[in-house]
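Listed below are the residues making up each chain.
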Amino acid sequence: MCQHCPECPSADSPDREAAVIVASHPEQGWNLLCNGVLVFEDTGEILPDGRAVAPRRALAGAA
């Protein structure tokens, strides 16, 4: 999917969130990355194959 040089991380890569935003909808709380991943403001994700990735929220009081 990615047309950038160097190519952005794939949707299966651990650093997939480093891909370039191709559609931004902050009023709805999500961004579409060039690797097909939907990233939500709560840090949850939907991968191109439909799998959901749970939000990674910091625990209260964590240092």
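Everything below is about the structure printed above this text.
Here goes a summary of the coordinates provided. This is a predicted model, so every value here is computed, not measured.

Observations concerning the overall build of the protein chain
Reasoning step 1: Broken down by element type, the protein chain carries 0 helices and 5 strands.
Reasoning step 2: The order of α-helices and β-strands along the protein chain, N terminus first, is β-β-β-β-β.
Reasoning step 3: In the protein chain, which comprises 63 residues, the proportion classed as buried is 27%.
Reasoning step 4: Partitioning the intrachain contacts of the protein chain with sequence separation of at least 6 by distance along the chain shows that 20% fall at a separation of at least 24.

A look at the sheet that holds strand β2 (residues 30–33)
Reasoning step 1: The antiparallel open sheet is built from 5 strands, whose spatial order is β1-β2-β3-β4-β5. Of all the strands in the sheet, just β1 (21–25) and β5 (52–53) have a single pairing partner and so form its edges.
Reasoning step 2: As paired elements, strand β3 (residues 38–40) and strand β4 (residues 45–46) share 2 bridges and run antiparallel to each other. Directly across from L38, in β4, lies its bridge partner I46.

Here we look at the pattern of salt bridges
Pairing between side chains becomes possible if they bear opposite charge and their charged atoms approach one another.
Reasoning step 1: If you walk through the whole model with that rule in mind, you get 5 salt bridges.
Reasoning step 2: The salt bridge involving E17 is made with R56; its shortest N-O contact spans 2.3 Å. Here E17, found in the segment before β1, pairs with R56, found in the segment after β5; they are 39 residues apart in sequence, far enough to count as distant.
Reasoning step 3: Between R51 and D49 there is a salt bridge; the shortest N-O distance is 2.7 Å.
Reasoning step 4: Overall, D49 belongs to the exposed group, its relative accessible area being 54%.
Reasoning step 5: Look at the salt bridges and you will find they share partners, linking R16, E17, E45 and R56 into a network.

Some points on the side chain of R16
Reasoning step 1: Here R16 shows up in the segment before β1.
Reasoning step 2: If we ignore the near neighbours within four places in the chain, the residues touching R16 are P9, S10, A11, L33, N35, V37, E45, L47 and V53.

What counts, and where the lines are drawn
- Residues numbered from 1 in each chain as written.
- Predicted model: local features only at pLDDT ≥ 70, side-chain atom pairs only at ≥ 80, totals over all residues.
- Heavy atoms only, no water.
- Helix = DSSP H or I, 4+ residues; strand = E, 2+ residues; numbered from the N terminus.
- Buried < 20%, exposed > 50% of the residue type's maximum accessible area, 1.4 Å probe, protein only.
- Contact = heavy atoms within 4.5 Å.
- Pairing = 2+ DSSP bridges.
- Salt bridge = Lys/Arg side-chain N within 4 Å of Asp/Glu carboxyl O.

All quantities given are derived from atomic positions and should not be read as evidence of function.
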